[in-house]
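So the chains spell out like this:
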Amino acid sequence: MGHPSDSERSLANGGLDLIVRSGTIVDGTGAPPVTADIGISGGVIKKIGDLSSVTAADEIDATGLVVTPGIIDVHSHADLTLAIDGRAESALTQGVTTVLVGNCGHGCTPLRDRPEYASAIFGYNRSIPLDWQSTGEYLEKLRQARPGINVGTLVPLGNLRLTAMEDPERSASDDQVKQMCALLEEALDEGALGFSCGLQYPDSVHTRSEELDEFNKIVAAHGGLFAACVRHTDERAVEGIEEPINSAAATGVRTQISHAMPQPGSPRGMT
Ligand SMILES: [Zn+2]
């Protein structure tokens, strides 16, 4: 009889590749925390309980630590940094394993070859070549960066306006709204997960509520998410929060409100 193969040895040990021992498990369902071992095989959790009689090739002692499913951060601005450096250390060290970028009406896509785009991208500096334009091309750029976390993107309103309008700091014509609708549809077809707006920023402040509804009909038809960075945080904060709620009611789009932070008395634009 020869030496036992890896798989035979693994079976004898309960077939587990990894055991996370003695962590305080908070499973995200609202259930009370429990202290237990977790047995993993082939990347899948196989057992949760007392595994003190079993060993695995890899073991992590999580005594005194909390063990949770990966946290999903739906409001990230790591659009550009993830495309350049996929290690995502700041996310991973906080337990975040999935992020949604393209928030607040600003992001990396769609892009057009114009210098104003720098203002739409958090963390941009001129040494970084912007060698993509469409959402499909941006997602490919992300794939090449091999991010250490899952990444999804929204389609930012500011980028749509910068792409469809010579001067986004004024009202859009009907034709320009149609063009933005087409760009939004294209981006969603290429893999974007929804749409975001930042209605207090100069490139988006002239967007009418009716335009939002036009965009959100398309987002709803794609089953996407509408993430709204609201128009007002001053004395009209309630009005600011009502606007996306009304659009959700009119279009049926799933909606998340970002930056709901009423600060009456603060100068407009400083909140
Ligand atoms: Zn934001």
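Calculation rules
- Residues numbered from 1 in each chain as written.
- Predicted model: local features only at pLDDT ≥ 70, side-chain atom pairs only at ≥ 80, totals over all residues.
- Heavy atoms only, no water.
- Helix = DSSP H or I, 4+ residues; strand = E, 2+ residues; numbered from the N terminus.
- Rg over C-alpha atoms; globule rule 2.2 N^0.38 Å.
- Areas by Shrake-Rupley, 256 points an atom, 1.4 Å probe, with all protein chains shown as cover.
- Lys, Arg positive; Asp, Glu negative; His and termini not counted.
- Charge placed at Lys NZ, Arg CZ, Asp CG, Glu CD.
- Phe/Tyr/Trp six-rings, centres within 6.5 Å; stacked < 30°, edge-to-face > 60°.
- Buried < 20%, exposed > 50% of the residue type's maximum accessible area, 1.4 Å probe, protein only.
- Pairing = 2+ DSSP bridges.
- Patch = residues over 30% accessible without salt bridge, like charges linked within 9 Å, V, L, I, M, F, W, Y side chains within 5 Å.
- Salt bridge = Lys/Arg side-chain N within 4 Å of Asp/Glu carboxyl O.
- Axes fitted to C-alpha atoms, helices over the stretch in contact; angles between N-to-C directions.
- Parallel < 35°, antiparallel > 145°, perpendicular 65-115°, else oblique.
- Left-handed = near helix turned anticlockwise from the far one by under 90°.
- Contact = heavy atoms within 4.5 Å.
- Nonpolar A, V, L, I, M, F, W, Y, C, P; charged D, E, K, R; others polar.
- Donors = N, O, S within 2.8 Å, 3.2 Å for Na, K, Ca; no water.
- Tetrahedral: all angles 85-135°; square planar, octahedral: opposite > 155°, others 65-115°.
- Domains from an automatic or database assignment.
- Core = buried A, V, L, I, M, F, W, Y, C linked by side-chain atoms within 4.5 Å.

1. Focus: the overall build of the chain
Helix and strand content of the chain: eight helices and eleven strands. Taking 2.2 N^0.38 as the reference for a compact globule, 271 residues should give roughly 18 Å; the C-alpha atoms of the chain span a radius of gyration of 23 Å, well beyond that estimate. In terms of overall dimensions, the chain has C-alpha extents of about 80 × 40 × 35 Å along its principal axes. Here the chain has roughly 14300 Å² of accessible surface; of this, 53% comes from carbon and sulfur atoms. Within the chain, the 37 negative side-chain charges are centred at a point lying 2 Å from the centre of the 20 positive side-chain charges.

2. Structural notes on the packing of aromatic side chains
According to the stated counting rule, one finds three aromatic pairs in the structure shown. Taking 5.9 Å as the distance between ring centres and 50° as the angle between the ring planes, the aromatic pair formed by tryptophan 132 and tyrosine 138 counts as tilted. Tyrosine 138 shares its class with tryptophan 132; the two are buried.

3. Describing the pairing of strand 1 (residues 18-25)
In this sheet, strand 2 (residues 34-41) lies alongside strand 1 in antiparallel orientation, the contact comprising six bridges. Looking at the pairing, glycine 23 lines up with alanine 36 of strand 2. Pairing between strand 1 and strand 4 (residues 58-61): four bridges, direction parallel. Residue valine 20 lies in a different strand from strand 4, and its bridge partner there is isoleucine 60.

4. Some words on a negative patch on the surface
Together, Glu137, Glu185, Glu186, Asp189 and Glu190 make up a negatively charged patch on the protein surface. Ranked by the residues each element gives to the negative patch, the list is headed by helix 6 (residues 174-189), at three residues. Residue position: glutamate 137 is located in helix 4 (residues 135-144). Taking the relative accessible area as the measure of exposure, glutamate 137 reaches 42% and is therefore partly exposed.

5. Here's the deal with the packing of helix 5 (residues 157-164) against helix 6
As a packed pair, helix 5 and helix 6 sit with axes 9 Å apart at the nearest point and diverge in direction by 125°. With respect to each other, helix 5 and helix 6 are oriented oblique. Helix 5 and helix 6 meet at a crossing whose hand is right-handed. Contacts from Leu160, Arg161, Thr163 and Ala164 in helix 5 reach Gln176, Gln179, Met180, Leu183 and Leu184 in helix 6. Considering only residue class, the contact of helix 5 with helix 6 consists of five nonpolar, three polar and one charged.

6. Looking at the environment of valine 34
Within the secondary structure layout, valine 34 lies in strand 2. It is 41 Å that separates the C-alpha atoms of valine 34 and alanine 237, two residues lying 203 residues apart in sequence. Residues contacting valine 34, with those up to four places away along its chain left out, are Gly23, Thr24 and Ile25.

7. Re the coordination of the zinc ion
The coordination sphere of the zinc ion, as far as protein atoms go, consists of His75 (NE2), His77 (NE2), Cys104 (SG) and His259 (NE2), spread over 2.1 to 2.6 Å. For the zinc ion, the four donor atoms in the first shell make angles of 78 to 169° at the metal, so the coordination geometry reads as irregular. Within one chain, the residues serving as donors to the zinc ion are arranged as H-x1-H-x26-C-x154-H. Pair noted here: cysteine 104 is in the loop between strand 7 (96-101) and helix 4 and histidine 259 is in the segment after strand 11 (254-258), with a separation of 155 residues, a long-range link.

8. What to know about the domain arrangement of the chain
Segmentation of the chain into domains returns domain 1 (6-67) and domain 2 (71-258). Taking only C-alpha atoms into account, the centre of domain 1 sits 39 Å from that of domain 2.

9. Overview of the sheet that holds strand 6 (residues 71-73)
Read from one edge to the other, the open sheet built from six strands follows the order 6-7-8-9-10-11, with strand pairing classed as parallel. Only two strands of the sheet have a single partner each, and these edge strands are strand 6 and strand 11. The average undirected angle you get between the axes of adjacent strands in this sheet is 25°. Sheet contacts for helix 7 (residues 209-221): strand 9 (194-198) and strand 10 (225-229); angle to strand 9, the most-contacted strand, approximately 160°. Here helix 8 (residues 237-251) sits on the sheet in contact with strand 10 and strand 11, set at roughly 170° to strand 11.

10. Some thoughts on the nonpolar core
Of all hydrophobic cores here, the largest spans 25 residues; its most connected members are Met180, Leu184, Phe195 and Phe215. Elements supplying a minimum of two residues to this core: helix 5, helix 6, strand 9, helix 7 and strand 10. The element contributing the most residues to this core is helix 6, with seven residues. Here leucine 184 is in contact with Val155, Leu160, Phe195, Phe215, Ile218 and Val219, once residues within four sequence places are set aside. Of all hydrophobic cores here, the second largest spans 21 residues; its members include Ala78, Leu82, Ala88 and Leu111.

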